[in-house]
Amino acid sequence: QLGVESDELIVGNGSNELIQMVLTAFGGNRRKVLFPAPSYAMYKVMTPLECSVPLEVPLVEGWDLDLPAMLQAIEVHRPKVVLLSYPNNPTGNCFSEEKILEVLRVAPGVVVVDEAYFYFSRKTFLPRLKDFPNLTILRTLSKAGMASLRVGILIANR
């Protein structure tokens, strides 16, 4: 259904478990994790639980990414993980695709595009998976009407 190979998928107990797996695998040891603010509250909660340092970059007017500030944070802090909710939670908007692509180009670590609300926006970075080996996409069935199943899907370039 997603057009990817089985070794490009991990199924977890909801997106939160998959976020924790990413933070466990790439974070820890006081490594930096970058995300915009406001964004999904669990990013800020889970990052220190995995012994990582959360770095928040405020959104600009219109709730879009502050690309210059994001790029400066990437250059200065070299985050191992960047978390981007797309559409963003709680603002409900999709960040500029070009800004996310630029983050993907320059980020030294994994860039997680959390598409939990894909079923509302129908916007996805899935076609870009082969272009960016650092891209990881999250989906969940909870927003597709199956919340009680607690099924999250991580899609990444092998």
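Residues numbered from 1 in each chain as written. Predicted model: local features only at pLDDT ≥ 70, side-chain atom pairs only at ≥ 80, totals over all residues. Heavy atoms only, no water.

**A few points about the overall build of the protein**
Here is the rule: Strands here are runs of E lasting at least two residues and helices are runs of H or I lasting at least four, both read from the DSSP assignment and numbered beginning at the N terminus. It is over C-alpha atoms that the radius of gyration is taken, and the globule rule equals 2.2 Å times the number of residues to the power 0.38. Contact between two residues is taken to exist if any of their heavy atoms lie within 4.5 Å; hydrogens are not considered. Here the open area of atoms and residues is found with the Shrake-Rupley method and a 1.4 Å probe, where only the protein chains shown may cover a residue. Residues scored as positive are Lys and Arg, those scored as negative are Asp and Glu, and His as well as the terminal groups of each chain are ignored. One atom stands in for each charge, and that atom is NZ of Lys, CZ of Arg, CG of Asp or CD of Glu.
Each helix and strand in the protein was counted, giving five helices and seven strands. The N-to-C order of helical and strand elements in the protein reads β-α-β-α-β-α-β-α-β-α-β-β. What you see for the protein is a C-alpha radius of gyration of 14 Å, in line with the 15 Å of a compact globule of 158 residues. Principal-axis analysis of the C-alpha atoms places the extent of the protein at approximately 40 × 35 × 30 Å. Residue pairs in contact within the protein that sit at least 24 positions apart in sequence constitute 61% of those at least 6 positions apart. By element, 53% of the accessible surface of the protein is carried by carbon and sulfur atoms, the whole surface being about 7,800 Å². Distance between charge centroids for the protein: 3 Å, based on 16 positive and 16 negative side chains.

**Things to note about the sheet that holds strand 7 (residues 152-156)**
Quick reminder of the rule: At least two bridges found by DSSP between two strands is the condition for calling them paired. Lines fitted to C-alpha atoms define the axes here, with helix axes fitted over just the stretch in contact, and angles between the N-to-C directions of these axes take values from 0 to 180 degrees.
Within the open sheet, the seven strands sit side by side as 1-7-6-5-4-2-3. Their pairing is mixed. Edge positions in the sheet fall to strand 1 (9-12) and strand 3 (53-58), since each of these pairs with one other strand and no more. Sheet twist, expressed as the average angle between the axes of neighbouring strands with direction ignored, equals 20°.

**Looking at the packing of aromatic side chains**
The description of two aromatic rings rests on the distance between their centres and on the angle between their planes. Counted only if it meets this: To pair, rings of Phe, Tyr and Trp, with the six-membered ring standing in for Trp, must have centres within 6.5 Å; the planes then decide the type, stacked if under 30 degrees apart, edge-to-face if over 60, and tilted in the middle. A ring is scored as having a charge over it whenever the NZ atom of a lysine or the CZ atom of an arginine sits within 6 Å of its centre and within 35 degrees of its normal.
By the definition in use, this model includes five aromatic pairs. Its end group placed over the ring of Phe 118, Arg 139 keeps NZ or CZ at 3.7 Å from the ring centre.

**A closer look at the nonpolar core**
Across soluble globular proteins, nonpolar side chains have a tendency to be buried as a group. Applied cut-off: Residues enter a nonpolar core if they are buried and are Ala, Val, Leu, Ile, Met, Phe, Trp, Tyr or Cys, with the set joined through side-chain atoms within 4.5 Å. Partly exposed describes any residue whose relative accessible area lies between the buried limit of under 20% and the exposed limit of over 50%, with all areas from a 1.4 Å probe on protein chains only and scaled to the type maximum.
The biggest cluster of nonpolar side chains holds 28 residues, and the ones touching the most others in it are Ile 100 and Phe 125. Broken down by secondary-structure element, the contributors of at least two residues to this core are strand 3, helix 3 (67-77), strand 4 (81-85), helix 4 (97-106), strand 5 (110-114), strand 6 (135-140) and strand 7. Every residue in contact with Ile 100, bar those within four places of it in the chain, is listed here: Leu 65, Leu 84, Tyr 86, Phe 95, Val 113 and Phe 125. Core analysis: the next-biggest nonpolar cluster, separate from the first, contains 15 residues, Ile 19, Val 33, Leu 138 and Ala 156 among them.

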